[in-house]
Amino acid sequence: MAQTLLVTGGAGYIGTHTLVELVAAGWQPLVYDNFSNGSREALARVARIVGREIPCIEGDVRDGAALDAVFAQCASAGAPVTCVLHLAALKVVGESIEQPVRYYDNNVQGTLVLLAAMERARVRRFVFSSSANVYGEPEALPYTEGHRISPTNPYGRSKSMVETVLRDVATADPSFSAVVLRYFNPIGAHPSGLIGEDPRGVPDNIFPYITQVAVGQLAALSVFGDDYPTPDGTGIRDYLHIVDLARGHVKAVEYAMAHPGWLVTNLGTGRGTSVLELVAAFEKASGRPVPCRIAPRRAGDIGEAWADPSLAARTLGWTAQYDIDTMCADGWRWQSGNPDGYTTSA
């Protein structure tokens with residue numbers, strides 16, 4: 001019998017790259033997305049990469065009746081949903097501070113509605129897109145999964161709340177499988193240059209800001225703080241190629257299908273790169289200058305953060321393959337070929 005993998009938020013940056021890897025691994029994904037952050041053009045680009053259209057249903061994870069209809073439709077077509085990969089979330093830290101109710105409604109309530117629909121449909125395999133944001137200020141580095149959970153903003157707290165729910169669900173139902181993936185800092189793009197990160201408005205994250213400065217969309221990069229206790233004074237983060245992250249999802253789905261219970265694991269490289277090192281690598285990859293101006297530290301920012309990814313290697317058989325130079329080269333290929341994002345023909 002054919003099996004369907006439901007991918008909520010599948011039209012977004014992480015979702016589209018994950019679809020490519022899922023198809024390559026033989027899965028039959030079905031996208032469920034409200035297109036608040038996703039793009040129909042991005043799904044069309046995925047179809048060009050994989051050679052076939054990925055089915056998509058427009059809907060919101062907070063709509064239980066719509067989810068019931070999706071599960072019923074797949075079952076009646078002889079391809080029931082056997083696993084849900086949940087990527088649908090609001091994800092901007094600063095925005096979450098300004099709009100906490102909206103973030104808890106979408107990220108927490110939306111997941112509760114989805115889990116209830118899964119229970120009605122008797123679907124017991126779940127992979128969740130979480131974040132290293134749940135850790136907060138580091139007690140020690142690198143972050144291990146045993147680090148205390150102390151998020152410093154509503155976005156991180158929304159992820160932590162869902163993690164707690166999933167652990168409780170897996171405890172209550174021994175047949176339920178929940179794999180929680182704590183992402184570090186995904187950057188870059190598919191090597192084809194057809195899909196990549198296309199934030200709406202001014203980018204909140206550093207890498208698309210750098211790429212847009214290089215392509216002439218923005219004037220200069222603000223470096224928030226050059227007085228951290230790091231080698232060059234700028235903040236250090238664990239940057240991860242988006243394709244490596246996507247392949248981590250494939251491994252997580254495979255694990256969830258074979259192992260009931262609750263697993264939480266980091267996805268990162270285990271290596272830190274400073275802001276100025278990232279800028280230098282991107283300038284080398286693109287051949288373009290990235291003007292920078294030093295600005296005061298932002299409240300809540302930390303100096304250093306990187307993962308211990310060894311648990312993912314042991315449990316999922318996953319390790320990151322790509323270095324920072326490849327991340328920058330692939331990111332530039334996307335941005336230079338699509339200076340206006342998905343509004344540019346490619």
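Everything below is about the structure shown above.
Residues numbered from 1 in each chain as written. Predicted model: local features only at pLDDT ≥ 70, side-chain atom pairs only at ≥ 80, totals over all residues. Heavy atoms only, no water.

S.K.: So what's going on with the pattern of salt bridges? Residues and values would help.
M.R.: Under the defined criterion, the tally for this structure stands at 13 salt bridges. A salt bridge links Arg 124 to Asp 173, with the nearest nitrogen and oxygen atoms 3.3 Å apart. Of this pair, Arg 124 sits in the loop between helix H5 (100-121) and strand S5 (125-131) while Asp 173 sits in the loop between helix H6 (154-172) and strand S6 (177-183), and the two are 49 residues apart along the sequence. Each of Asp 60, Arg 62 and Asp 105 takes part in salt bridges that share partners, so that together they form one network. (Salt bridge = Lys/Arg side-chain N within 4 Å of Asp/Glu carboxyl O. Helix = DSSP H or I, 4+ residues; strand = E, 2+ residues; numbered from the N terminus.)

S.K.: Can you explain the layout of surface pockets? Please cite residues and give values.
M.R.: Left-over empty space is what a probe sized like a water molecule reveals as it rolls over the atoms. The space that makes up the second largest pocket amounts to roughly 220 Å³. Forming the walls of the second largest pocket are Leu 112, Leu 115, Ala 116, Met 118, Glu 119, Arg 122, Val 123, Arg 124, Val 169, Ala 172, Asp 173 and Phe 176. Mapped by element, the contributors of at least two residues to the lining of the second largest pocket are H5 and H6. At 5 residues, the largest contribution of residues to the lining of the second largest pocket is made by H5. For the lining of the second largest pocket, the residue count by class is 8 nonpolar, no polar and 4 charged. (1 Å grid on protein atoms, 1.4 Å probe; cavity = no way out; pocket = protein on both sides within 12 Å on 5 of 7 lines; lining within 4 Å. Points joined across faces, edges and corners; volume = space filled by probe spheres on them. Nonpolar A, V, L, I, M, F, W, Y, C, P; charged D, E, K, R; others polar.)

S.K.: Hey, could you go over the state of the cysteines for me, with residue numbers and the actual values?
M.R.: Counting across every chain of the model gives 0 disulfides. Cys 56 forms no disulfide, and the closest cysteine sulfur to it belongs to Cys 74, at a distance of 12 Å. Under the relative-accessibility criterion, Cys 56 is labelled partly exposed at 34%. (Disulfide = S-S within 2.5 Å. Buried < 20%, exposed > 50% of the residue type's maximum accessible area, 1.4 Å probe, protein only.)

S.K.: Run through the side chain of Asp 60, naming residues and quoting values.
M.R.: Along the chain, Asp 60 falls in the loop between strand S3 (56-58) and helix H3 (64-76). Judged by relative accessible area, Asp 60 falls into the buried class, the value being 18%. Here the side chain of Asp 60 touches Asn 34 through a polar contact of 3.0 Å, side chain to side chain. One polar contact links the side chain of Asp 60 to the main-chain amide nitrogen of Arg 62, over a distance of 2.8 Å. (Polar contact = N/O pair within 3.5 Å; in protein donor to acceptor, adjacent residues only side chain to side chain.)

S.K.: Tell me about the environment of Ser 192, and name the residues and values.
M.R.: Along the chain, the position of Ser 192 falls in the loop between strand S7 (185-187) and helix H7 (206-214). Note on Ser 192: relative accessible area 36%, which makes it partly exposed. Separated by 138 residues in sequence, Ser 192 and Asp 330 have C-alpha atoms that sit 8.1 Å apart. At a separation of 2.8 Å, a polar atom in the side chain of Ser 192 contacts the side chain of His 190.

S.K.: Explain the pairing of S5 to me, using residue names and the numbers behind them.
M.R.: Along S5, 7 of the 7 residues are buried, which leaves the element largely enclosed by surrounding structure. The side-chain alternation of S5 yields two buried faces, one formed by Arg 125, Val 127, Ser 129 and Ser 131 and the other by Phe 126, Phe 128 and Ser 130. Bridge count for strand S4 (residues 81-86) against S5 is 3 bridges, and the pairing is parallel. By the bridge assignment, Val 84 is partnered in S5 with Phe 126. By the bridge criterion, 7 bridges tie S5 to S6 in an arrangement that is parallel. The residue bridging Phe 126 from the neighbouring strand is Ala 178, located in S6. With respect to chirality, the unit in which S5 leads through H6 into the neighbouring parallel S6 is right-handed. (Pairing = 2+ DSSP bridges. Right-handed = clockwise from strand over helix to strand, strands pointing away.)

S.K.: Before we move on, can you summarise the nonpolar core with the specific residues and values?
M.R.: Leu 5, Val 127, Val 179 and Leu 181 are the most contacted members of the largest nonpolar core, which has 42 residues in total. Looking at this core, the elements that each hand over two or more residues are strand S1 (4-8), helix H1 (13-24), helix H2 (40-50), S4, S6, helix H8 (242-258), strand S11 (261-267) and helix H10 (310-315). It is H8 that contributes the most residues to this core, 8 residues altogether. Setting aside anything within four residues of it in sequence, one finds Leu 5 in contact with Leu 22, Trp 27, Gln 28, Pro 29, Leu 30, Cys 83, Val 84, Leu 85 and Val 253. Counting residues in each nonpolar core, the second largest holds 28 residues, with Val 70, Val 108, Ala 117 and Phe 128 among its members. (Core = buried A, V, L, I, M, F, W, Y, C linked by side-chain atoms within 4.5 Å. Contact = heavy atoms within 4.5 Å.)

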